[in-house]
Amino acid sequence: MVVHVALTGATGFLGLRLLRRLLDTHSSLTVLAHAGSGDALRRIIRFFELTGATEAFVAGLPGRLRVVETDLAQPRLGLSARAFQELADGIGTLWHSAGSINLEGDLPELRRTNVEGTRHLLELATAGRGRPLVHHVSTAFVAGARREGVAYEDELDDAWGFENAYERSKYEAELLVHAWSREHGRPALVMRPSILVSDVPPHPELPAHPLLVIERILRDARGAAGPQAPGRPRVRTVGHPHGHLNLLQVEHAAEVMVRLAGRTPSGGVDTYHVVHDRDVPVPTVVTLLEQLVPLTVELVATKPDAPSALEALLDFYPGMTAYLAHRRRFDDTRVRSLLGPSAASAPVGLDYLWSGLAPPGRARTGSPDAPTTAFSSSRHA
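The following paragraphs examine the structure supplied in this document. (Residues numbered from 1 in each chain as written. Predicted model: local features only at pLDDT ≥ 70, side-chain atom pairs only at ≥ 80, totals over all residues. Heavy atoms only, no water.)

## As for the packing of helix α9 (residues 282-292) against helix α13 (residues 350-357)
Our working rule: Here, axes are lines fitted to C-alpha atoms. For helices the fit covers the stretch in contact, and angles between N-to-C directions go from 0 to 180 degrees. A helix here means a DSSP run of H or I that spans at least four residues, while a strand means a run of E at least two residues long, and both kinds are numbered starting from the N terminus. Any angle between 65 and 115 degrees counts as roughly perpendicular, while under 35 counts as roughly parallel, over 145 as roughly antiparallel, and the rest as oblique. For a crossing to be left-handed, the near helix must be turned anticlockwise from the far one by less than a right angle; the clockwise case is right-handed. Contacts were defined at the residue level, with two residues in contact if any of their heavy atoms lie within 4.5 Å. Charged residues are taken to be Asp, Glu, Lys and Arg, nonpolar residues to be Ala, Val, Leu, Ile, Met, Phe, Trp, Tyr, Cys and Pro, and polar residues to be all remaining types, Gly included.
Here α9 crosses α13 at 40°, and the two axes come no closer than 10 Å. Relative to α13, the element α9 lies oblique. Judged by the sense of rotation from one axis to the other, the crossing of α9 with α13 is right-handed. Across the interface between the two elements, T284, T287, L288, Q291 and L292 of α9 pack against L350, L353, W354 and L357 of α13. Here the residues of the contact of α9 with α13 sort into six nonpolar, three polar and no charged.

## Observations concerning the nonpolar core
Note the threshold: Among buried residues, those of type Ala, Val, Leu, Ile, Met, Phe, Trp, Tyr and Cys that are joined through side-chain atoms within 4.5 Å constitute a nonpolar core. Buried means the residue's accessible area, taken with a 1.4 Å probe over protein chains only, is under 20% of the maximum for its type, while exposed means over 50%, and partly exposed covers the values in between.
Counting 41 residues, the largest nonpolar core has L18 and W95 as the members making the most contacts within it. Sorting elements by how many residues they give to this core places helix α8 (residues 250-261) first, with eight residues. Discounting chain neighbours no more than four positions away, the residues touching W95 are V5, A6, L7, T8, L18, L22, H135, M191, M257, V258 and A261. In terms of nonpolar packing, the next biggest core, distinct from the first, is built from 38 residues, L211, I214, L218 and L314 among them.

## Overview of the sheet that holds strand β3 (residues 65-70)
Test applied: Two strands are said to pair when DSSP picks up at least two bridges between them.
Strand order in the open sheet formed by seven strands is β3-β2-β1-β4-β5-β7-β12, and the pairing between neighbours is parallel. Two strands in the sheet have a free side with no partner beyond their single neighbour: β3 and β12 (269-274). The average angle at which neighbouring strand axes cross in this sheet is 20°, direction not considered. Each of β2 (29-34) and β3 is contacted by helix α2 (residues 40-50), which is oriented at about 130° to β3, the strand it contacts most.

## Focus on the side chain of T237
Here T237 shows up in strand β9 (residues 234-238). The exposure class of T237 is buried, given its relative accessible area of 11%.

## A few points about α9
Here α9 lies mainly inside the structure; nine of its eleven residues are buried. Listing the buried residues of α9 in full gives V282, V285, V286, T287, L288, L289, E290, Q291 and L292. The inward-facing, buried residues of α9 abut α7 (210-224), β10 (244-245), β13 (280-281), β14 (296-300) and α13.

## Brief notes about the packing of helix α1 (residues 15-25) against α8
As a packed pair, α1 and α8 sit with axes 9 Å apart at the nearest point and diverge in direction by 50°. With respect to each other, α1 and α8 are oriented oblique. At the point where α1 passes α8, the crossing takes the right-handed sense. From α1, R17, L18, R21 and L22 reach across to α8, where they touch V250, E251, A254, E255, M257 and V258. Its residues assigned to classes, the contact of α1 with α8 comprises six nonpolar, no polar and four charged.

## Topic: the packing of aromatic side chains
Here a ring pair, both rings aromatic, is described through the centre-centre distance and the interplanar angle of the planes. Defined as follows: The pairing test for Phe, Tyr and Trp rings, Trp by its six-membered ring, is centres within 6.5 Å, and the orientation test on the planes gives stacked under 30 degrees, edge-to-face over 60, and tilted for anything in between. Two thresholds decide whether a charge sits over a ring: the Lys NZ or Arg CZ must be within 6 Å of the ring centre and within 35 degrees of the ring normal.
Tallied over the full model, the rule gives five aromatic pairs. Both rings, one in F48 and one in F57, keep their centres 5.1 Å apart while their planes meet at 55°; by these two values the pair is tilted. A residue is classified by how much of its surface remains accessible, and F48, at 1% relative accessible area, is buried. For F57, a relative accessible area of 23% corresponds to the partly exposed category. A connected cluster of aromatic rings, assembled from ring pairs, spans F47, F48 and F57. One residue, R17, lies across the ring of F13, its end atom 4.8 Å from the ring centre. Across the ring face of Y272, the terminal group of R334 is positioned such that the distance to the ring centre comes to 6.0 Å.

## Digging into the pairing of β12
Where burial is concerned, most of β12 is hidden: five out of the six residues are buried. Two elements, strand β7 (residues 188-193) and β12, share six bridges in a ladder whose sense is parallel. Each bridged residue has a counterpart across the sheet, and for R192 the counterpart in β12 is H273.

## Details of the pattern of salt bridges
The condition is simple: Basic side-chain nitrogens of Lys or Arg form a salt bridge, by our definition, when they fall within 4 Å of a carboxyl oxygen of Asp or Glu.
Scanning the entire structure with this criterion turns up 17 salt bridges. Between R147 and E163 there is a salt bridge, with its nearest N and O atoms 2.9 Å apart. Separated by 16 residues along the polypeptide, R147 in the loop between β5 (133-137) and β6 (150-151) and E163 in the loop between β6 and α6 (165-184) bring together distant segments of the chain. Judged by its relative accessible area of 31%, R147 is partly exposed. Given a relative accessible area of 15%, E163 falls into the buried group. Here R336 makes a salt bridge to D332, at a shortest N to O gap of 2.9 Å.

## Points about unusual backbone geometry
In this structure, L77 is a non-glycine residue whose phi angle is positive, near 60°. Exposure remark for L77: the relative accessible area of 1% places this residue in the buried category. Phi is positive for R131, which is not a glycine, with a value near 45°.

## Examining the environment of S138
The cut-off we apply is this: N or O atoms within 3.5 Å of each other form a polar contact, as long as, within protein, one can give a hydrogen and the other can take it, and as long as residues adjacent in sequence are counted only when both atoms are side-chain atoms.
For S138, the location among the structural elements is in the loop between β5 and β6. The exposure class of S138 is buried, given its relative accessible area of 3%. Separated by 51 residues in the primary sequence, S138 and L189 have C-alpha atoms spaced 10.0 Å apart. Setting aside residues no more than four positions away along its own chain, S138 makes contact with K170, E174, V190, M191, R192 and P193. Among the polar contacts listed, one links the side chain of S138 to the side chain of E174, at a separation of 2.7 Å.

That's the geometry; what it means functionally is another story.
Written out as structure tokens, the structure reads:
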């Protein structure tokens, strides 16, 4: 039996890779695109052109993809009652990958997209005659502000609080999935990727690499802070010299997610951490940022008592720097037990990250000195 798949977020950084994988095994898909966001089909076609797809594959896309413009924030996705029902009845599997990843967004704004959007997608899944399977893309960072220890796949609580409104909104969206599954006795798959990265060079017609947002914030803040002393301005930011971040290749994440989705569901909510088996040290991330932006980053234990103009500006972006203090680990035992050695990914190092962040043709400079750490109170002024 042919199961028709619908995908939200198909023009996003992860969604485009999921679309690529899903097209390997499905002759056609429905793309639920954001109304008014532009020509989704053109953007999808351009992605495949820029990432090496064959001419024959690209030429066949218009016949394989049906684009339905929707508004996740609106009841019935902004569709008429008839169009909503027809859409629901034609779906066998619903992938929900759309959402806002704005670490600096306020909670009401993020709830409209990430929480209400999930609620309305679940209503679509409920309305369908075929009882479609629900595959919900969350984030490993629903673990919240817990900075040490181990975050497990079956954990979902707010005991530690959250680093930012984005994390809270994704946590609340997961709660909705659990409530929906219990109420309707329906299975759901929740996949929690970590920070997704790529070595595909930046391009104006491709979705921005998530770490590019950090580079832009640093560069904008440096410019807004006014004239600087000659050389590389020093920025003191809270972080841990032995911290580590989980960065996973987006292509590998999409492959793992599609493979997990192919397994028989348990009947409840099956949750998986889609993460790398080796974290990237925080000093490596700092070195990368120092090579992208002419700054010297100094990791400190607490916020400076007398911040510079540049440091004060960066305080407006707490979602950006909080993760430099993280030392926790995401447990992915369930994924590794199901998929075996193929769940492991190739290493993510400085060269890989540079390839996906630096403008084409820009070579890395000689590595700046290792990021400085200052964990004595006398260094915080």
